[in-house]
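Geometric and topological summary
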Amino acid sequence: MPTRLPNAATCLAGLLLAVAPAGAVLAQAAGDDAAMERFVSDLMARMTLSEKIGQLNLLTSSMDVTGPTLRAGYREAIAAGDVGAMFNAYGAKYTRSLQELALEETRLGVPLLFGYDVIHGFRTIFPIPLGEAASWDLEAIERSARVAATEAAAAGLHWTFAPMVDVARDPRWGRIAEGAGEDPWLGSQIAAARVRGFQGDDLAALDTVLACAKHYAAYGAAQAGRDYHAVDISPRTLWEVYLPPFHAALAAGVATFMTAFNELNGVPATANPYLLRDVLQDYWGFEGFVVSDYTAINELVPHGLARDEAQAAELAANAGVHMDMQGETFVKHLPELVQQGRVGQATVDDAVRRILEMKYRIGLFEDPYRYSDEAREDAATYAPAHLAAARDMARRSLVLLKNDGVLPLSDEATSIAVIGPLADSEADMVGSWSAAGEKRDRPLSVLEGIRERVGDDAAVHHARGTSDVIGDDDRAGFSAAIAAAARADVIVAVMGESAGMTGEAASRASLELPGAQPELLMALQRLGKPLVLVLMSGRPLAIDWADENVNAILEAWYPGTEGGHAVADVLFGDYNPSGKLPVTFPREVGQVPIYYNAKNTGRPYDPAGTEQKYRSRYLDVPNTPLYPFGYGLSYTHFAYSDLTLDRDEIEGDETLTVSVRVENTGDYDGTEIVQLYLRDEVGSVTRPVQELRGFRRIELAKGAGETVEFELDAADLAFYRRDMSYGAEAGEFTVLVGGSSADLRGARFRLTEDVTLRPPPPLPFARSASPGGG
Ligand code: NOJ
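Everything numeric in this text was worked out from a predicted model, so none of it was measured.

Moving on, we come to the packing of aromatic side chains. One pass over the structure, following the stated rule, counts 32 aromatic pairs. Between Tyr90 and Phe122 the ring centres are 5.6 Å apart and the planes differ by 90°, which places this aromatic pair in the edge-to-face class. In this pair, Tyr90 sits in the loop between strand 2 (85-87) and helix 6 (92-105) while Phe122 sits in the loop between strand 3 (113-116) and helix 7 (129-133), placing the two residues 32 residues apart along the sequence. As far as the burial class goes, Tyr90 and Phe122 line up, both buried. Judged by centre distance (5.1 Å) and plane angle (90°), the ring pair of Tyr228 and Phe261 falls under edge-to-face. Within this pair, whereas Tyr228 is found in the loop between strand 5 (212-216) and helix 10 (235-242), its partner Phe261 is found in the loop between strand 6 (256-259) and strand 7 (263-264), the two being separated by 33 residues in sequence. Taking the relative accessible area as the measure of exposure, Tyr228 reaches 36% and is therefore partly exposed. Overall, Phe261 belongs to the buried group, its relative accessible area being 6%. Linked through ring pairs, Tyr216, Trp239, Phe246, Phe257, Tyr283, Trp284, Phe286, Tyr720 and Tyr726 together constitute an aromatic cluster.

In this section: the site of the ligand. Taken together, 14 residues form the shell around the ligand, and within it Thr66, Asp117, Arg175, His215 and Asp293 come nearest. Here an oxygen atom of the ligand sits 2.6 Å away from a polar atom, N or O, in the side chain of His215. For the ligand, the accessible surface in isolation is 300 Å², of which the surrounding protein chains cover 100%. Judged by the fraction of its atoms near the pocket grid, the ligand is located in the largest cavity.

So, on to the side chain of Asp227. Summarising the element assignment, Asp227 is placed in the loop between strand 5 and helix 10. Put simply, Asp227 is tucked away with no salt bridge, and the nearest opposite charge, on Arg175, sits 4.7 Å away. Of note is the side chain of Asp227, whose polar atom sits 2.8 Å from the backbone nitrogen of Ala505. Setting aside its immediate chain neighbours within four residues, Asp227 contacts Trp173, Arg175, Tyr219, Glu504, Ala505 and Ser507.

Attention shifts here to the packing of helix 3 (residues 33-45) against helix 16 (residues 345-361). Two elements in contact, helix 3 and helix 16, have axes separated by 10 Å at closest approach and are oriented at 125°. When the axis of helix 3 is compared with that of helix 16, the two are oblique. Both helix 3 and helix 16 take part in a crossing whose hand is right-handed. Here Asp33, Ala35, Met36, Glu37, Phe39, Val40, Ser41, Leu43 and Met44 of helix 3 lie close against helix 16, whose contacting residues are Asp349, Val352, Arg353, Leu356, Glu357, Tyr360 and Arg361. Class assignment of the residues belonging to the contact of helix 3 with helix 16 gives a composition of 9 nonpolar, 1 polar and 6 charged.

All right, on to the pairing of strand 26 (residues 743-751) then. When strand 18 (residues 649-650) meets strand 26, the two strands line up parallel, connected through 2 bridges. Pairing of Ile650 across the sheet is with Leu751, part of strand 26. The hairpin turn running from strand 25 (residues 731-740) into strand 26, its antiparallel successor, is 2 residues long.

Let's shift gears to the packing of helix 9 (residues 184-199) against helix 11 (residues 244-251). Axis separation between helix 9 and helix 11 bottoms out at 8 Å; the angle between their running directions is 30°. Considering their axes alone, helix 9 and helix 11 lie roughly parallel with respect to each other. In terms of crossing hand, the pair formed by helix 9 and helix 11 is right-handed. Residue-level contacts link Pro184, Gly187, Ser188, Ala191, Ala192 and Val195 of helix 9 to Pro244, Pro245, Ala248 and Ala249 of helix 11. When grouped by side-chain class, the residues that make up the contact of helix 9 with helix 11 number 8 nonpolar, 2 polar and no charged.

Applying the stated criterion to the full structure yields 6 cavities of 30 Å³ or more. The volume enclosed by the largest cavity comes to roughly 100 Å³. Taken together, the residues of the lining of the largest cavity break down into 7 nonpolar, 2 polar and 5 charged.

Criteria and cut-off values
Residues numbered from 1 in each chain as written. Predicted model: local features only at pLDDT ≥ 70, side-chain atom pairs only at ≥ 80, totals over all residues. Heavy atoms only, no water. Phe/Tyr/Trp six-rings, centres within 6.5 Å; stacked < 30°, edge-to-face > 60°. Helix = DSSP H or I, 4+ residues; strand = E, 2+ residues; numbered from the N terminus. Buried < 20%, exposed > 50% of the residue type's maximum accessible area, 1.4 Å probe, protein only. Near = heavy atom within 4 Å. Polar contact = N/O pair within 3.5 Å; in protein donor to acceptor, adjacent residues only side chain to side chain. Areas by Shrake-Rupley, 256 points an atom, 1.4 Å probe, with all protein chains shown as cover. 1 Å grid on protein atoms, 1.4 Å probe; cavity = no way out; pocket = protein on both sides within 12 Å on 5 of 7 lines; lining within 4 Å. Sits in = over half its atoms within 2 Å of the grid points. Lys, Arg positive; Asp, Glu negative; His and termini not counted. Salt bridge = Lys/Arg side-chain N within 4 Å of Asp/Glu carboxyl O. Contact = heavy atoms within 4.5 Å. Axes fitted to C-alpha atoms, helices over the stretch in contact; angles between N-to-C directions. Parallel < 35°, antiparallel > 145°, perpendicular 65-115°, else oblique. Left-handed = near helix turned anticlockwise from the far one by under 90°. Nonpolar A, V, L, I, M, F, W, Y, C, P; charged D, E, K, R; others polar. Pairing = 2+ DSSP bridges. Points joined across faces, edges and corners; volume = space filled by probe spheres on them.

Now the structure itself:
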């Protein structure tokens, strides 16, 4: 038996000196892969099987709760060498204390990796991801992720469980709040921006963390929008809609992947060799590691795929899961499974190597405490620059859904009523998954933001009206709210869903404003005063009554720590809103799933057409959404003209230049998001009526104009063709350009020849279902 080393320093020194000259160790930050391989190989040669399997175990601490609680005593487990990584543990001091356990108590002193759900900020909370996506501002999104990484990495964290890149077309699903919306193309751009923001270009830098693309795969397609429900989609839909953002994250260098809770066409994602081996490892060549979601391996038993947890561990390990989050199936069962030959030693070694390499890359073998730095933590936490970035991002995320001219509020208003259960709720401002961000005091509510903005210039009356948003029909506060509103020149109603009604395990069957809020809104409207609805939600809501009856609607999502300032900035015109919806708002929940890139059908409905029967339509609601994808108003107006293509035909290797003139014809300087969509008129398989393929964010002073150019080539026209090869087909295309998916002007061109970019990807059933116990 090797002797236990006395302390962290000697332990680490022992590790390092035994394998490589000091120079090689120092070179790790510079990405010296050969040195890393030598280091990791030597370390693994010295590890017992149980020490190796310990590296595959990720446990939660008791500091935060993000799933079912399974065990106490994680400290003992760390000291016993049964833990390779911890989550829900943060703070320089706390992570240091746990790291000390690993370093000082275990034989080899392999440092722990610390992960956490740093989803939209760590301390300084930014808008929820769906809100950030509404900015269509990739630089700002990248900046937001970097701020989160900077704060997290100073608090001892190495790894974030983000970005969540699940495409979601069903607003009933609470987790639609965590992603970038319904579009695979926009979602892919945003996935890459977030990975760049979290990881930067140096994993060992002290302002970066490892990112994690989750939840692989197709979690957003949960049946009926109910969380964790089964997913049954065609391979075509999987490749066209759900996989592209994962591939984009991978192409941007994402370090880790997390499996999804759902089954995919009968095989749970956490034991899915097609997803994990055939696609992720073999086809895409992913070299990082895959972590299960929280107890997702254990859940293979209730899924009905495994008879017990031992078999669940076997299936997951053989499918390509490298680390078990919180379920402990690997530590409990892999030793025996390896002995029995049901899981190969090579499979375990491959998983261990991937995890150790990540620890090496971020510099943990050089200094395991380098991220747990109290001084840096103090300086980074709520740094003024971080708060400024959060306010800036929040302003960019707000979407003006309706405005009859009441906004921006006039400085002349001497009395403003701010009404509603969310008007003064600091905790709701930060939304779900708000990590270590303060939920009280620091986040500014909308009421506080308005009060700060108007100072002594206007009286601000506040009443909640109803106490609860979930639906207890509390009307006790109605009369006070109506009295407060009656005294004001203008009413700002702040309503929507509480943060807890969104995110994980927060599906809804209704998309209405919950509780007594619709009634309160109607009562306010009857006062006949200018009425602005500030909507807080983590999903599209069906608010057709409000759309018809209030004067203005501002979608605020959950705008974060600085959200109160940002909302006030927009309400008073200090910032001209520019956000555009990354997701469709239905009129009725019965329209779901409703998304802009749908198919035409053989009997498309034309409301102006002569034939009304036997068409693809509803009897009781229009086909169209309340607010379409890409939609969002500004205080100014943008006029589009002169859509021009530089040619009407391109060959396979040629580029088409599309230009359009955009003029700011209103009274304010403003930012427009100019969107380009494509329609492939005829294909070997049916194509969506339109697909986003480009956008530009342009700032135009009032009266100014700009000619915006886009370049298109065969890659932009490509899709998974009938045989699943990826390429463009010769034929007619329509380019559509405008300020939303429903406000477009078009022009036609032809592609003269087929262009093949990639052979078909592996398809399910084409390969062996499982590599077996090898
Ligand atoms: C379960 C969630 O699905 C996942 O997104 C999260 O990262 C883990 N819990 C850890 O909190």
